[in-house]
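# Architecture at a glance
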Amino acid sequence: MKNLFTSLSILLLSLAGTAQSVKFNNPIIKDQYTGDPAALVYKDKVYLYAGHDEAPNDFNFYKMNEWVVYSSSDMKKWESHPVPLKVTDFKWAKSDAWASQVIERNGKFYWFVTVEHGSVHGKAIGVAVSDSPIGPFKDALGKALITNDMTKFTDISWDDIDPTVYIDTDGQAYLFWGNTSCHYAKLKENMTELDGPIQHIELPHFTEAPWIHKHKDWYYLSYAYEFPEKIAYAMSKSINGPWEFKGILNELAGNSNTNHQSIIDFKGQSYFIYHNGASIPHGGSFRRSVCVDKLFYNKDGTMKRVVMTSEGIQ
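Read on for an overview of the structure. Every value quoted in this text rests on a predicted model; they were computed, and no experiment measured them.

So, on to the overall build of the protein. Scanning the protein for helices and strands turns up 1 helix and 20 strands. For 314 residues, the compact-globule estimate of 2.2 N^0.38 gives 20 Å, and the protein sits close to it at 20 Å. With respect to the three principal axes, the spread of C-alpha positions in the protein is 80 × 45 × 35 Å. Every one of the 314 residues in the protein was classed for burial, and the buried ones make up 57%. In the protein, 49% of the contacts between residues at least 6 apart in sequence involve partners at least 24 apart.

The structure is reproduced here in structure tokens:
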């Protein structure tokens, strides 16, 4: 009996030690509320771009005036940088620092953003540029790249949101975006002009938040599915499709109607970056927090269901 008691005591002490050594790293950004994450791998760092959720605790809609940037060398410790871009940096825009993405080309960094246009009714997509991944960024065009009157696939005024941009292996750049309707178009090498017509992709229950990435020989188009939003995805051997729907990748994000993903490879590991509304005490759909968990692929190229954790990256 004494030996059994001793063994149990050692086991309990061991479990306690394990519990103490596990950190709860999600959400990764704790100094402010952040939503709609987009990550860029550049050299030996990951740069995380997000919108800043500024809604007061009793305000139940988005209040977003600026975007923020953080960087990390290990996906665990994140360094905050000065605010690199605000809605007011686009003289033609009037509000709403919604979802965005940064991409590097020829030593310059192009930031595709969603804003409310000042004179053309509805949401619009602008482009900012910088010589550094942490900015400061400035309006690259002096006008919007995409306005609501350019897309007629749906009648809503907020279908031109959530830009994602990808440069294929042949050097051709593509812009994907949309809400309830998924649009895409080629970009010229200057990254500030369309290079051809706007096209449309049919995807089951497409809501918003498209994200393009490539792994081995497959292209992946993930997106927010239904509402409240899960993340689903489709696969193709070509960035121009046809796209084959593969199902749910990520379940509902805790305490948030929206779910917005960024998928990257960094130092031999794949990561799924997203937001939820689970931060205590005031988190929610309009006060979101960015989280990261690992992502894995099956042998056939399909992605395994992402498991959202409190522990995050240890």
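Glancing now at empty space enclosed by the protein. A full pass over the atoms with the stated rule returns 1 cavity of 30 Å³ or more. Considering only enclosed or pocket space, the largest cavity measures out at about 40 Å³ in volume. In terms of lining, the largest cavity is formed by Pro-37, Ala-38, Ala-99, Ser-100, Gln-101, Asp-162, Pro-163, Thr-164, Pro-210, Trp-211, His-260 and Gln-261. Counting residues per element, the ones that place at least two in the lining of the largest cavity are β1 (34-42), β6 (93-105) and β14 (206-215). Counting residues per element, the lining of the largest cavity draws most heavily on β6, which supplies 3 residues. The residue makeup of the lining of the largest cavity, split by class, is 6 nonpolar, 5 polar and 1 charged.

This part is about the packing of aromatic side chains. This structure, assessed with the given rule, holds 18 aromatic pairs. Here Phe-61 and Phe-286 contribute two aromatic rings whose centre-to-centre distance is 6.0 Å and whose plane-to-plane angle is 40°, an arrangement assigned as tilted. Here Phe-61, found in the loop between β2 (45-52) and β3 (66-72), pairs with Phe-286, found in the loop between β19 (269-276) and β20 (289-295); they are 225 residues apart in sequence, far enough to count as distant. Considering the side-chain rings of Tyr-166 and Tyr-219, the 6.3 Å spacing of their centres and the 80° angle between planes classify their relative orientation as edge-to-face. One end of the pair, Tyr-166, is in strand β10 (residues 164-167); the other, Tyr-219, is in strand β15 (residues 218-225), with 53 residues separating them in the sequence. Among the residues examined, Tyr-166 registers a relative accessible area of 15% and is labelled buried.

Among the nonpolar cores identified, the biggest contains 26 residues, and Trp-67, Leu-85, Phe-90 and Trp-111 are the most heavily contacted of them. Among the elements of the structure, β2, β3, β6, β7 (108-117) and β8 (123-130) are those that each provide at least two residues to this core. Apart from residues lying up to four places away in sequence, Leu-85 is in contact with Glu-66, Trp-67, Phe-90, Trp-111, Val-113, Ala-128 and Phe-137. Judged by nonpolar contacts, the second largest core, of 18 residues, contains Tyr-166, Leu-203, Phe-206 and Ile-248.

Before going further, it helps to examine the sheet that holds strand β13 (residues 199-201). Whenever strands of a sheet pair, they do so through backbone hydrogen bonds, lying parallel or antiparallel. Taken together, 4 strands build an open sheet; the order of strands is β10-β11-β12-β13 and the sheet is antiparallel. The open sheet has two free edges, formed respectively by β10 and β13, since each of these has just one partner strand. Geometrically, the sheet is characterised by an average inter-axis angle of 30° between neighbouring strands, direction not taken into account. Examined bridge by bridge, β10 and strand β11 (residues 173-177) share 4 bridges and lie antiparallel to one another. Residue pairing in the sheet places Val-165 in a bridge with Leu-175 of β11.

On to the sheet that holds strand β18 (residues 262-266), then. Read from one edge of the open sheet, 3 strands run β18-β19-β20, paired in antiparallel fashion. Two strands lie at the open edges of the sheet, namely β18 and β20, each paired on one side alone. Recorded for the sheet is a direction-independent mean angle of 30° between the axes of neighbouring strands. Bridge count between β18 and β19: 5 bridges; the pairing is antiparallel. Looking across to β19, one finds that Ser-262 is bridged to Ile-273.

Across the junction of Asn-26 and Pro-27, the peptide omega takes the value 0°, indicating a cis bond. For Pro-27, the location among the structural elements is in the loop between α1 (2-21) and β1. Each neighbour pair has its own omega, and for Phe-227 with Pro-228 the value is -5°, a cis peptide bond. Structurally, Pro-228 is set in the loop between β15 and β16 (230-236). Even without being a glycine, Asp-162 presents a positive backbone phi close to 60°.

About the thresholds
- Residues numbered from 1 in each chain as written.
- Predicted model: local features only at pLDDT ≥ 70, side-chain atom pairs only at ≥ 80, totals over all residues.
- Heavy atoms only, no water.
- Helix = DSSP H or I, 4+ residues; strand = E, 2+ residues; numbered from the N terminus.
- Rg over C-alpha atoms; globule rule 2.2 N^0.38 Å.
- Buried < 20%, exposed > 50% of the residue type's maximum accessible area, 1.4 Å probe, protein only.
- Contact = heavy atoms within 4.5 Å.
- 1 Å grid on protein atoms, 1.4 Å probe; cavity = no way out; pocket = protein on both sides within 12 Å on 5 of 7 lines; lining within 4 Å.
- Points joined across faces, edges and corners; volume = space filled by probe spheres on them.
- Nonpolar A, V, L, I, M, F, W, Y, C, P; charged D, E, K, R; others polar.
- Phe/Tyr/Trp six-rings, centres within 6.5 Å; stacked < 30°, edge-to-face > 60°.
- Core = buried A, V, L, I, M, F, W, Y, C linked by side-chain atoms within 4.5 Å.
- Pairing = 2+ DSSP bridges.
- Axes fitted to C-alpha atoms, helices over the stretch in contact; angles between N-to-C directions.

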